[in-house]
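So the chains spell out like this:
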Amino acid sequence: MSKVPTIKFHNGLDYPLLGLGTWKSKPQEVCNAVKDAIDIGYRYIDCAHVYQNETEVGEALAEKIKEGVVKREDVFVTSKLWNIYHRKELVVPALKKTLENLKLEYIDLYLIHWPMSFKEGDELFPLGPDGKMLYGDGTYTDTWKGMEECVKLGLAKSIGLSNFNSKQIQDILDIAEIKPVNNQIECHPYLNQSKLIEFCKSKDITVTAYSPLGSPDRPMATPDDPVLLEEPKLKALSEKYNKSPAQILIKYQLQRNIGVIPKSVTKSRIQSNFEVFDFTISSEDMDILNSLNRPDGRMLLLKQHAANKDYPFNIEF
Ligand code: NDP
Ligand code: 1BO
């Protein structure tokens, strides 16, 4: 029996609330990270085509299944459709490629990674001669029809969204035959997302918190950005509960019934990030964490895309 609590999607399937993130994990590191995570007890791995390490994640999963440590059905695997595959006809082939890399027959949860579409082609980040991103003219509602096809073909158990704002979620709900089960969004005390979470809850959509530790290794970090793990009020709670700042941040999400996917390639951190089931943060201390919300708290603002028609962060939530 896994220690990790689960919640149910509206389609009746179980969703484990704690998993391992893999963005920025180098291919040569991610295989060991996933194997260590499974040995420690993780049963949820968050992946994406654009992380360019799904082949190595797949090797780790295959090894642990072959060793008999887990069966396929014990592990919850998420992947995400990249922005160059938004045309409806490209979605099933994109998922088939991801499944081939992961060496899996099906994915537990497939997400549209971003509402914005990029120009189709071989480049993950297609740039024009002026160095500016080349966008596609597709719509995410068209993409959703391809996502639904993935479920109908048995390639995805559940489908969902990532980085969608409330209006964009409503656009999907308005045309969906199969409704999204999840929205994966940046979420931590500096960006607590309480309004978007409330909106998702009202639509029966679960939420996953990405960058729950403030993504200290993100490539777009600047010296002026706030550093969540150094936050004095967080450090005070860490001392009070005799838990690391990372453990407090992970537990914060679990107590909100939000999925949480901290990334690490360091075995000791993968282990300690899982040791969060032996304490409870009091409601007063949850209020302190919630009070840290700040207007400049978003770490993945992706301002370079702000003029894109589907850029998600131009409205309040
Ligand atoms: P996180 O907030 O998970 O932070 C990861 C960083 O924290 C790494 O540098 C890691 O170092 C370090 N770290 C991990 N554990 C600890 C610890 N206990 N103490 C101190 N430092 C620690 O950032 P991510 O942005 O990676 O977010 C997590 C996951 O969410 C991603 O990996 C990805 O799977 C997903 N994601 C999804 C996005 C989307 O658009 N849908 C966007 C961003 C993330 P080290 O690895 O060296 O141990
Ligand atoms: C552009 C960053 C995506 C990470 O999921």
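Coordinates for the structure precede this section.
Our subject in this report is the structure included herewith. What you are looking at is a predicted structure, and each value in this text was computed from that prediction instead of being measured.

## Observations regarding the site of ligand 1
Then, in step 1: Near ligand 1 there are 31 residues, and of these Lys-24, Asp-46, Ser-215, Ser-264 and Thr-266 occur at the shortest range.
Then, in step 2: At 2.9 Å from an oxygen atom of ligand 1 is found a side-chain nitrogen or oxygen belonging to Asn-163.
Then, in step 3: For ligand 1, an oxygen atom lies 3.0 Å from a polar atom in the backbone of Val-265.
Then, in step 4: For ligand 1, whose accessible area on its own is 910 Å², the fraction buried by protein is 91%.
Then, in step 5: Grouping the amino acids of the shell around ligand 1 by side-chain chemistry returns 13 nonpolar, twelve polar and six charged.

## Quick word on helix α1 (residues 27-40)
Then, in step 1: Taking 1.5 Å per residue, 14 residues should reach 20 Å; α1 reaches 20 Å between its end C-alpha atoms and fits that length.
Then, in step 2: Taken together, the buried positions of α1 are occupied by Val-30, Cys-31, Ala-33, Val-34, Lys-35, Asp-36, Ala-37, Ile-38 and Ile-40.
Then, in step 3: Those residues of α1 hidden inside the fold are in contact with β3 (44-46), α2 (54-66) and α9 (267-272).
Then, in step 4: Positioned one or two residues after α1, Gly-41 has a phi angle of 130°, which is positive.

## A closer look at the side chain of Thr-143
Then, in step 1: By the secondary structure assignment, Thr-143 is in helix α4 (residues 140-152).
Then, in step 2: Relative accessible area serves as the criterion here: at 0%, Thr-143 is assigned to the buried category.
Then, in step 3: When residues no more than four places from it in sequence are discounted, the contact partners of Thr-143 are Leu-81, His-86, Val-91 and Ile-112.

## Re the pattern of salt bridges
Then, in step 1: For the structure on display, the rule yields 21 salt bridges.
Then, in step 2: Lys-152 is paired through a salt bridge with Glu-177; the nearest N and O atoms lie 3.2 Å apart. Linking Lys-152 in helix α4 with Glu-177 in the loop between α5 (166-175) and β7 (182-186), this pair joins segments that are 25 residues apart in sequence.
Then, in step 3: What makes Lys-152 partly exposed here is its relative accessible area of 47%.
Then, in step 4: Its salt-bridge partner being Lys-195, residue Glu-316 comes within 2.4 Å of it at the nearest N-O pair. In this pair, Glu-316 is assigned in the segment after α10 (283-290) and Lys-195 in helix α6 (residues 194-202), connecting sequence segments 121 residues apart.

## Quick look at the site of ligand 2
Then, in step 1: Around ligand 2, the surrounding shell consists of Trp-23, Tyr-51 and His-113.
Then, in step 2: Take Tyr-51: an N or O atom from its side chain is 2.6 Å from an oxygen atom of ligand 2.
Then, in step 3: Between ligand 2 and His-113, the relevant distance is 2.8 Å, taken from an oxygen atom to a side-chain nitrogen or oxygen of the residue.
Then, in step 4: For ligand 2, whose unbound accessible area comes to 220 Å², protein coverage reaches 84%.

What counts, and where the lines are drawn
- Residues numbered from 1 in each chain as written.
- Chains lettered and ligands numbered in written order.
- Predicted model: local features only at pLDDT ≥ 70, side-chain atom pairs only at ≥ 80, totals over all residues.
- Heavy atoms only, no water.
- Near = heavy atom within 4 Å.
- Polar contact = N/O pair within 3.5 Å; in protein donor to acceptor, adjacent residues only side chain to side chain.
- Areas by Shrake-Rupley, 256 points an atom, 1.4 Å probe, with all protein chains shown as cover.
- Nonpolar A, V, L, I, M, F, W, Y, C, P; charged D, E, K, R; others polar.
- Helix = DSSP H or I, 4+ residues; strand = E, 2+ residues; numbered from the N terminus.
- Expected span 1.5 Å × (residues − 1).
- Buried < 20%, exposed > 50% of the residue type's maximum accessible area, 1.4 Å probe, protein only.
- Contact = heavy atoms within 4.5 Å.
- Salt bridge = Lys/Arg side-chain N within 4 Å of Asp/Glu carboxyl O.

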